[in-house]
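The chain contents come next:
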Amino acid sequence: SIEIANNKYLLMKNLKNTIPLPEFYYARSPKGFKKAVDNLRYPKNPVCFKPPISHGMRGLRILDPRIDRFNIIFTQKPTGIYTTFEEIFPILEKSPSFPELLVMEFLPGTEYSVDALADKGKPLIIIPRTRDYIKMGISFEGTLVKNRKIIEFCKKIIRKLKLHGNVGFQFKE
């Protein structure tokens, strides 16, 4: 899986000139994690991280020292995704093996899922939708939208990576 993650990293870097990407780093050690978080200007900016290969929201955390912990505990349904560097770093540092992590700037805007069909690098169908109600990483409600910018981004990615078959993308505004 490290080879897959490295290839994804190179593809993402390759696409950076084609589509806007959030600032991101791969961390392979506690020291690398701290450096990535510092590079993303935490605590001034919230930062999120997750394993580069996972399902749903498994492993996703958002580091934000400004969150109202009391409000999260007593007024919101539990999600467990908000934490701080000070809470998470000792856990990662003491772990017998450090999981590879994708550490990136947190994008708080509208989230989109896109279903696409491609034929050997040729985009055939691209259907963007907003993710209006998400539970445990799964979108339960969405709204179909004709977002031309997202459609163009998907076309570029499909062509550049010569994708084939059913393809899923996710975007944040």
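Above this note sits the structure.
Because the structure is predicted, anything quoted here is derived from the model rather than measured.

Here we look at the side chain of Ser 113
Next, step 1: Examined against the element boundaries, Ser 113 turns out to sit in strand β6 (residues 111-119).
Next, step 2: In this structure Ser 113 comes out as buried when scored by relative accessible area, which is 7%.
Next, step 3: In terms of polar contacts, Ser 113 uses its side chain to reach the side chain of Arg 131, at 3.2 Å.
Next, step 4: When near neighbours in sequence (up to four residues on either side) are disregarded, Ser 113 contacts Ile 127, Pro 128, Arg 129, Arg 131, Phe 169 and Gln 170.

Here's the deal with helix α5 (residues 148-161)
Next, step 1: In a regular helix each residue adds 1.5 Å, so 14 residues correspond to 20 Å; α5 covers 20 Å between its end C-alpha atoms and thus fits that length.
Next, step 2: At the N-terminal boundary of α5, the capping side chain belongs to Asn 147, with an oxygen 3.2 Å from the backbone nitrogen of Lys 149.
Next, step 3: Positioned one or two residues after α5, Lys 162 has a phi angle of 50°, which is positive.

Some points on the packing of aromatic side chains
Next, step 1: Inspection of every chain in the model, using the stated rule, returns seven aromatic pairs.
Next, step 2: Measuring from centroid to centroid gives 6.4 Å for Phe 169 and Phe 171, while their planes differ by 45°, and the two rings are tilted. Accessibility classification places Phe 169 together with Phe 171 in one group, the buried group.
Next, step 3: Three or more aromatic residues link up through ring pairs in this structure, and these residues are Phe 33, Tyr 42, Phe 49, Phe 85 and Phe 89.

Points about a nonpolar patch on the surface
Next, step 1: Side chains of Leu 117, Leu 124, Ile 125, Ile 127 and Leu 144 sit close together on the surface and give an oily, nonpolar patch of about 440 Å² of accessible area.
Next, step 2: Broken down by element, the nonpolar patch gets its largest block of residues, three residues, from strand β7 (residues 122-135).
Next, step 3: Take Leu 124: it is sitting in strand β7.

Brief notes about the layout of surface pockets
Next, step 1: For the second largest pocket, the calculated volume is near 170 Å³.
Next, step 2: As for the second largest pocket, its lining consists of Phe 49, Pro 51, Gly 59, Arg 61, Ile 88, Ile 91, Leu 92, Pro 99 and Leu 101.
Next, step 3: Per element, the largest residue contribution to the lining of the second largest pocket is three residues, and it comes from helix α4 (residues 85-94).
Next, step 4: Looking at the lining of the second largest pocket residue by residue, the class counts come to seven nonpolar, one polar and one charged.

Side note on the sheet that holds strand β4 (residues 82-83)
Next, step 1: Here we have five strands laid out as an open sheet, ordered β1-β5-β2-β3-β4, and mixed in their pairing. Lying at the two open borders of the sheet, with one neighbouring strand each, are β1 (24-27) and β4.

Here's the deal with the pairing of strand β5 (residues 101-105)
Every other side chain in a regular strand lies on the same face of the sheet, so the side chains alternate between the two faces.
Next, step 1: Counting buried residues along β5, four of its five residues qualify, which places the element largely inside the surrounding structure.
Next, step 2: Examined bridge by bridge, β1 and β5 share four bridges and lie antiparallel to one another. In the sheet register, Ala 27 faces β5, and the bridge partner there is Leu 101.
Next, step 3: Pairing of strand β2 (residues 47-50) with β5 involves four bridges; the strand directions are antiparallel. Across the sheet, the residue bridging to Lys 50 is Leu 102, located in β5.

Cut-off values and rules
- Residues numbered from 1 in each chain as written.
- Predicted model: local features only at pLDDT ≥ 70, side-chain atom pairs only at ≥ 80, totals over all residues.
- Heavy atoms only, no water.
- Helix = DSSP H or I, 4+ residues; strand = E, 2+ residues; numbered from the N terminus.
- Buried < 20%, exposed > 50% of the residue type's maximum accessible area, 1.4 Å probe, protein only.
- Polar contact = N/O pair within 3.5 Å; in protein donor to acceptor, adjacent residues only side chain to side chain.
- Contact = heavy atoms within 4.5 Å.
- Expected span 1.5 Å × (residues − 1).
- Phe/Tyr/Trp six-rings, centres within 6.5 Å; stacked < 30°, edge-to-face > 60°.
- Patch = residues over 30% accessible without salt bridge, like charges linked within 9 Å, V, L, I, M, F, W, Y side chains within 5 Å.
- Areas by Shrake-Rupley, 256 points an atom, 1.4 Å probe, with all protein chains shown as cover.
- Salt bridge = Lys/Arg side-chain N within 4 Å of Asp/Glu carboxyl O.
- 1 Å grid on protein atoms, 1.4 Å probe; cavity = no way out; pocket = protein on both sides within 12 Å on 5 of 7 lines; lining within 4 Å.
- Points joined across faces, edges and corners; volume = space filled by probe spheres on them.
- Nonpolar A, V, L, I, M, F, W, Y, C, P; charged D, E, K, R; others polar.
- Pairing = 2+ DSSP bridges.

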